[in-house]
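# Coordinates in review
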Amino acid sequence: MDFQILQEIFPGISTLFTSDLTISIGRICLMLLGLLLVYLGKKGVLEPLLMIPMGIGMAAVNAGVLIMGPGKTGNLFLDPMVSDPKQLIDILQIDFLQPIYTLTFSNGLIACFVFMGIGVLLDVGFLLARPFLSMFLAVCAELGTFLTVPVAMAMGLDVKDAASVAMIGGADGPMVLFTALKLSPKLFVAITVVAYLYLGLTYGGYPYLIKLLVPKKLRAIKMPPKKKIRQISASEKLYFAVIACTILCLLFPVAAPLFLSLFVGVAVREAGLKHIVDFIAGPLLYGSTFLLGLLLGVLCDASLILDPQILTLLVLGIVALILSAVGGLMGGYIMYFITGGKFNPVIGIAGVSCVPTTAKVAQKSVHEANPQSIILPEAIGTNISGVITSAIIAGLYITLIPIFFK
Amino acid sequence: MNIFTAIGIIFLSTFVISFLVAGLIRLISLAINFTRIQKEKSQDVHEDLAVVQSEASGQESDLEIVAAIGLAIHQYLEEMHDYERTVMTIQKVVKPYSPWSSKIYGLRQNPKGR
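Quick caveat: nothing in here was measured; it's all calculated off a predicted structure.

Scanning chain B from N- to C-terminus turns up one helix and zero strands. The 114 residues of chain B split such that 13% are buried. Accessible surface, chain B as shown: approximately 10600 Å² in total, 62% of it carbon and sulfur.

Next up on the list: the packing of helix α6 (residues 98–105) of chain A against helix α17 (residues 274–299) of chain A. All names here are of chain A. Following both chains from N to C, one finds α6 and α17 inclined at 110°, their axes separated by 11 Å at the closest point. It follows from the interaxial angle that α6 and α17 lie roughly perpendicular. Considering the relative orientation of α6 and α17, their crossing is left-handed. Between α6, through Ile-100, Tyr-101 and Phe-105, and α17, the contact on the second element is made entirely by Leu-291, Leu-292, Leu-295, Leu-296 and Leu-299. Grouping the constituent residues of the contact of α6 with α17 by class yields eight nonpolar, no polar and no charged.

Here we take up the confidence of the model for chain A. Confidence in the prediction for chain A averages 86 pLDDT; 98% of positions are at 70 or higher. Taken element by element, chain A is modelled with least confidence in helix α1 (residues 3–9) of chain A, mean pLDDT 76, and with most confidence in helix α10 (residues 143–154) of chain A, mean pLDDT 93.

Turning our eyes to something else, we now look at the side chain of Ser-14 of chain A. Mapped onto the elements of the fold, Ser-14 of chain A is located in helix α2 (residues 11–18). Beyond its immediate sequence surroundings of up to four residues, Ser-14 of chain A is in contact with Gln-7 and Ile-67 of chain A.

Now for the environment of Gln-372 of chain A. Residue and element names in this part refer to chain A. With respect to the helices and strands, Gln-372 occurs in the loop between α20 (357–369) and α21 (376–404). Judged by its relative accessible area of 57%, Gln-372 falls in the exposed class. As a C-alpha pair, Gln-372 and Ala-220 span 152 residues in sequence and 8.4 Å in three-dimensional space.

Attention shifts here to the interface of chain B and chain A. Size of an interface, as often reported, equals the accessible area lost when the parts are brought together. Counting residues at the interface gives 26 residues for chain B, matched by 34 residues for chain A. Summing both sides of the interface, chain B and chain A together bury roughly 2700 Å²; the carbon and sulfur share of this comes to 84%. Looking at the side of chain B facing chain A, the largest losses of area belong to Ile-10, Ile-25 and Ile-32 of chain B, adding up to 20% of the total buried there. Counting the contacts that link chain B with chain A gives zero salt bridges.

Turning our attention to a nonpolar patch on the surface. Residues and elements named next belong to chain A. A cluster of nonpolar residues, Phe-3, Ile-5, Leu-6, Ile-9, Phe-10, Ile-13 and Phe-17, forms a patch on the protein surface that exposes about 760 Å² of accessible area. Sorting the residues of the nonpolar patch by element identifies α1 and α2 as the ones contributing at least two each. A total of four residues in the nonpolar patch trace back to one element, the largest contributor, which is α1. By secondary structure assignment, the location of Ile-9 is in helix α1.

So, about helix α19 (residues 308–338) of chain A. Look at α19 of chain A: 46 Å from first C-alpha to last across 31 residues, which is about the 45 Å you get at 1.5 Å a residue. Of the residues flanking the end of α19 of chain A, it is Gly-340 of chain A, one or two places downstream, whose phi is positive at about 70°.

This brings us to the layout of surface pockets. All names here are of chain A. In this structure, the largest pocket spans a volume of roughly 860 Å³. Met-68, Lys-72, Thr-73, Gly-74 and Asn-75 are, among the 33 residues lining the largest pocket, the residues nearest its centre. Listing elements by their share of the lining of the largest pocket, those giving two or more residues are α1, α2, α3 (21–43), β1 (66–69), β2 (72–74), α5 (85–92), α17 and α18 (302–305). A breakdown of the residues in the lining of the largest pocket according to their chemical character gives 13 nonpolar, twelve polar and eight charged.

Residues and elements named next belong to chain A. The final tally for this structure, using the stated rule, is six salt bridges over all chains. A salt bridge links Lys-211 to Glu-368, with the shortest nitrogen-to-oxygen separation between them at 3.4 Å. Residue Lys-211 is located in helix α13 (residues 188–213), and its partner Glu-368 is located in helix α20; the two are separated by 157 residues in the primary sequence.

Turning our attention to the pairing of β1 of chain A. Residues and elements named next belong to chain A. As paired strands, β1 and β2 are joined by three bridges and run antiparallel to one another. Bridging from a neighbouring strand, Leu-66 pairs with Gly-74 of β2. Linking β1 to β2, which pair antiparallel, is a turn of two residues; within it Gly-71 sits at a positive phi near 70°.

Here the focus is the packing of aromatic side chains. The tally for this structure, following the rule as stated, stands at eight aromatic pairs over all chains. With centroids separated by 5.1 Å and ring planes inclined at 90°, the aromatic side chains of Phe-146 of chain A and Phe-11 of chain B adopt a geometry described as edge-to-face. Taken as a pair, Phe-146 of chain A in helix α10 and Phe-11 of chain B in helix α1 (residues 3–78) lie in two separate chains rather than in one. Classification of Phe-11 of chain B by relative accessible area gives partly exposed; the value is 33%. A network of ring pairs unites the aromatic residues Phe-132 and Phe-146 of chain A together with Phe-11, Phe-15 and Phe-19 of chain B as a single cluster.

This next bit is on empty space enclosed by the protein. By the definition in use, this model includes one cavity of 30 Å³ or more. Taken as a whole, the largest cavity spans an internal volume of roughly 40 Å³. For the largest cavity, the full set of lining residues is Phe-240, Ala-244, Leu-248, Phe-263 and Ile-388 of chain A together with Val-21, Leu-24 and Ile-25 of chain B. Those elements that provide at least two residues to the lining of the largest cavity are α15 (234–251) of chain A together with α1 of chain B. In the lining of the largest cavity, the residues fall into eight nonpolar, no polar and no charged.

What follows is about the side chain of Thr-382 of chain A. All names here are of chain A. For Thr-382, the location among the structural elements is in helix α21. Overall, Thr-382 belongs to the buried group, its relative accessible area being 1%. Each residue touching Thr-382, except ones within four places of it in the same chain, is listed here: Ser-134, Leu-137, Ala-138, Ile-347, Ala-350 and Gly-351.

How each quantity is defined
Residues numbered from 1 in each chain as written. Chains lettered and ligands numbered in written order. Predicted model: local features only at pLDDT ≥ 70, side-chain atom pairs only at ≥ 80, totals over all residues. Heavy atoms only, no water. Helix = DSSP H or I, 4+ residues; strand = E, 2+ residues; numbered from the N terminus. Buried < 20%, exposed > 50% of the residue type's maximum accessible area, 1.4 Å probe, protein only. Areas by Shrake-Rupley, 256 points an atom, 1.4 Å probe, with all protein chains shown as cover. Axes fitted to C-alpha atoms, helices over the stretch in contact; angles between N-to-C directions. Parallel < 35°, antiparallel > 145°, perpendicular 65-115°, else oblique. Left-handed = near helix turned anticlockwise from the far one by under 90°. Contact = heavy atoms within 4.5 Å. Nonpolar A, V, L, I, M, F, W, Y, C, P; charged D, E, K, R; others polar. pLDDT = per-residue confidence, 0-100. Buried area = accessible area lost by both parts, 1.4 Å probe. Salt bridge = Lys/Arg side-chain N within 4 Å of Asp/Glu carboxyl O. Patch = residues over 30% accessible without salt bridge, like charges linked within 9 Å, V, L, I, M, F, W, Y side chains within 5 Å. Expected span 1.5 Å × (residues − 1). 1 Å grid on protein atoms, 1.4 Å probe; cavity = no way out; pocket = protein on both sides within 12 Å on 5 of 7 lines; lining within 4 Å. Points joined across faces, edges and corners; volume = space filled by probe spheres on them. Pairing = 2+ DSSP bridges. Phe/Tyr/Trp six-rings, centres within 6.5 Å; stacked < 30°, edge-to-face > 60°.

So this is what it looks like as structure tokens:
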């Protein structure tokens, strides 16, 4: 049989030999990485909800490469770079994930759905109980968001791209997506993929960082019980959600969709709308997370992400997240010294606003050191504050950077 | 503008705004708390009144019981008879006939039944 016919019958395999060597090696590495992510997700090292669809998507997109014309390859999943409306309409009818990408991913709708789900799961009573402490720790845990900007500029990125990639330090996927969309549309896909990839990794990586930076004795500290524990009623939380949402939207219109999504989740929960809560916390949240994971995997196409700048973004993303975690733990240490050793410094890492992963990671690390120690209420409050500070920084970056660097 | 100056300004702005937001959250919390305390106070007053009323009503109920017992004793003592007559006498009442009062003469014609 003619080799040409074989190439046409098995384009996935033949393109491995006919395309650029870097791309071919990249495809094989990404396929293996996809399988590794599925394995680590199944083992519970990484967040399985995100990593399993992402891993399988990554493997599939790099395997299922077609020859689209002379010297041109592509796939039938999606094309994130298309912007011409006519071309987009054609692709919407061909690529099966394109409608989901165009109508939910690139406009942030899927991130808003995830935020609604998070809102339904959140108890804002923890934030109402200790707002100043939570906000202080959350600001400390934004260290990476600030320090990565000059580092990124030193590595050759312009200031807008640097600010976009530095937002990964906030560990808030929707915020990164939104900032990148506004400040650096050309790196939007790459930054978002890197951000979500690392957000999945925080689940596996942060416990080691905590162990490295906080000795077991300090991790085991039990938080003193509050002198007067007042139960905050559902009505109070509902009023808070409505007032806070309105005021925050008024202050930061740039992050208004995210605030609305978060607080509408809180509001329906506290209003006791059981059927809507069940819908948001179940099908909407899990459906969005699944599609988000799948889309992120499919976006990891070798020809798309093996841009020379991707390596820079990968390095900067990890630098930003590590700096933020270190900043959060430093904030925890400051509180430890202020309170005379009565504060568990691990709570600080929950300021990295990957809700609710970092709070869960903090509680898990503390539980390993001392099963009697419960820090989750403080950690959740800090976590929610992290979302607010990330939104503040996103708003400031989007507003001020174009003014400062015209 | 120097990048460090810009980042410094943004950091300070974040710090200030975050604490303003924290203050706002505290304010909302205090306002909600204040309303709650007021409501609890008014509930306490109502509860006090309710306690007094229930105590008074408790006394009233005691008096009612005493009155009921007294009435029962009274009725028992007053209505108790040594002997009661068992002979019944029926007097016959006779109405004498008079044509002046007879209605049959008052009618010119007997009514016809259908």
